[in-house]
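Remarks on the overall topology
So you can see what is in the structure, the chains are spelled out below.
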Amino acid sequence: MLARAWLRVTGWKPEGDAPTAPRFVLIAAPHTSNWDLIFLLAFAELYEIRISWMGKHQLFRRPFGSLFRALGGIAIHRHERGDRVALMTEEFARRERFALVVPTEATRGWTPHWKSGFYHIARGAEVPIVMGYLDYRRRRGGFGPALVASGDVKRDMDRIRAFYGDKTGKYPEKFGPVQLREEDSVTAASL
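Residues numbered from 1 in each chain as written. Predicted model: local features only at pLDDT ≥ 70, side-chain atom pairs only at ≥ 80, totals over all residues. Heavy atoms only, no water.

To continue, consider the layout of surface pockets. In this structure, the second largest pocket spans a volume of roughly 370 Å³. In this structure, the second largest pocket is lined by 15 residues; those nearest its centre are Ile38, Leu41, Ala42, Glu45 and Leu71. Among the elements of the structure, α1 (2-10), α2 (35-46) and α3 (65-70) are those that each provide at least two residues to the lining of the second largest pocket. Of the residues that constitute the lining of the second largest pocket, the class distribution is 13 nonpolar, no polar and 2 charged. (1 Å grid on protein atoms, 1.4 Å probe; cavity = no way out; pocket = protein on both sides within 12 Å on 5 of 7 lines; lining within 4 Å. Points joined across faces, edges and corners; volume = space filled by probe spheres on them. Helix = DSSP H or I, 4+ residues; strand = E, 2+ residues; numbered from the N terminus. Nonpolar A, V, L, I, M, F, W, Y, C, P; charged D, E, K, R; others polar.)

Pasting the structure below:
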């Protein structure tokens, strides 16, 4: 198995059990390096999970476009306006098994907020959010708990923040706060 050999050679070990839900949104964080996708794919293969992941459309050009699609890639045109939440929610409705990786940070660089699409897709599709991770400090990767989004964004994000609090990206300075923009407005409204 190629994934097992890759992880052994690079010194990485799996941690946690594979998600049991047939359909779920997978957070893959911290996301600070291009290597994250390679490790994500290796852990998915190791755990025998067929994942789908969204990536900028430029990744799907020749010569690697066919390979990335075969590895579960879904091209996203970031410059085009569109309701990606509705599109992915509909995709969940069409499939019996679907593990969708949503890039919460949407970039490998530091940002002050996570994108909330993962949360809204999970709520709309009525599927759990699974907390996947890569911890470069410990060279561990895997899956944490599943969370059913309650609609109480602050409470749900507190659980997510607690989980990712000790996870370290390849470039720790590029991992911004585990915070949704919606939480800022909730906090301001309660003052």
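For Ala146, the position within the fold is in strand β7 (residues 140-147). With relative accessibility at 47%, the residue Ala146 sits in the partly exposed group. Measuring from C-alpha to C-alpha, the distance between Ala146 and Gly117 comes to 17 Å, with 29 residues separating the pair along the chain. Excluding residues that lie within four positions of it along the chain, Ala146 makes contacts with Pro128, Ile129, Val130 and Arg159. (Buried < 20%, exposed > 50% of the residue type's maximum accessible area, 1.4 Å probe, protein only. Contact = heavy atoms within 4.5 Å.)

The next point concerns the packing of aromatic side chains. What characterises a pair of aromatic rings is the spacing of the ring centres plus the angle enclosed by the ring planes. Per the stated rule, a full pass over the model turns up 17 aromatic pairs. For the pair Trp12 and Phe43, a centre-to-centre distance of 6.2 Å together with 65° between the ring planes defines the contact as edge-to-face. Of this pair, Trp12 sits in the loop between α1 and β1 (13-15) while Phe43 sits in helix α2, and the two are 31 residues apart along the sequence. Judged by relative accessible area, which is 4%, Trp12 ranks as buried. When its relative accessible area of 3% is taken as the criterion, Phe43 is described as buried. Following the ring pairs from residue to residue traces out a cluster consisting of Trp6, Trp12, Trp35, Phe39, Phe43 and Tyr136. When the ring centre of Tyr133 is taken as reference, the NZ or CZ atom of Lys167 above it lies at 5.1 Å. (Phe/Tyr/Trp six-rings, centres within 6.5 Å; stacked < 30°, edge-to-face > 60°. Lys NZ or Arg CZ within 6 Å of the ring centre and 35° of its normal.)

Tracing the backbone through its elements, the reader meets Thr10 in helix α1. In this structure Thr10 comes out as buried when scored by relative accessible area, which is 18%. With residues up to four places along the chain from it excluded, the contact list for Thr10 reads Phe39 and Arg139.

Right, let's talk about the nonpolar core for a bit. Grouped together as the largest cluster of nonpolar side chains are 31 residues, with contacts concentrated most on Ile27, Leu100, Trp114, Phe118, Ile160 and Tyr164. The contacts of Phe118, once residues within four sequence positions are left out, are Val25, Ile27, Val102, Thr104, Ile129, Met157, Ile160 and Leu180. In terms of nonpolar packing, the next biggest core, distinct from the first, is built from 24 residues, Leu7, Ile49, Val101 and Val130 among them. (Core = buried A, V, L, I, M, F, W, Y, C linked by side-chain atoms within 4.5 Å.)

We now examine a nonpolar patch on the surface. On the surface, a cluster of nonpolar side chains totalling about 260 Å² of accessible area is made up of Phe64, Leu67 and Leu71. Within the secondary structure, Leu71 sits in the loop between α3 and β4 (73-76). Residue classification places Leu71 among the partly exposed residues on the basis of a relative accessible area of 31%. (Patch = residues over 30% accessible without salt bridge, like charges linked within 9 Å, V, L, I, M, F, W, Y side chains within 5 Å. Areas by Shrake-Rupley, 256 points an atom, 1.4 Å probe, with all protein chains shown as cover. Salt bridge = Lys/Arg side-chain N within 4 Å of Asp/Glu carboxyl O.)

Sheet topology places strand β3 (residues 51-56) next to β4; 4 bridges connect them, and they run parallel. Residue Trp53 lies in a different strand from β4, and its bridge partner there is Gly73. Handedness of the β3-α3-β4 crossover: right-handed. (Pairing = 2+ DSSP bridges. Right-handed = clockwise from strand over helix to strand, strands pointing away.)

Attention now goes to helix α6 (residues 153-164). Residue pairs spaced three or four apart in an α-helix point in one direction, given the helix's 3.6 residues per turn. For α6, which comprises 12 residues, the first-to-last C-alpha distance of 16 Å matches the rise-based estimate of 16 Å (1.5 Å per residue) to within 8%. Looking only at α6, the buried set comprises Val153, Asp156, Met157, Ile160, Phe163 and Tyr164. The arc that holds every buried residue of α6, seen down its axis, measures 115°, which confines them to one face. (Expected span 1.5 Å × (residues − 1). Arc of directions from axis to C-beta.)

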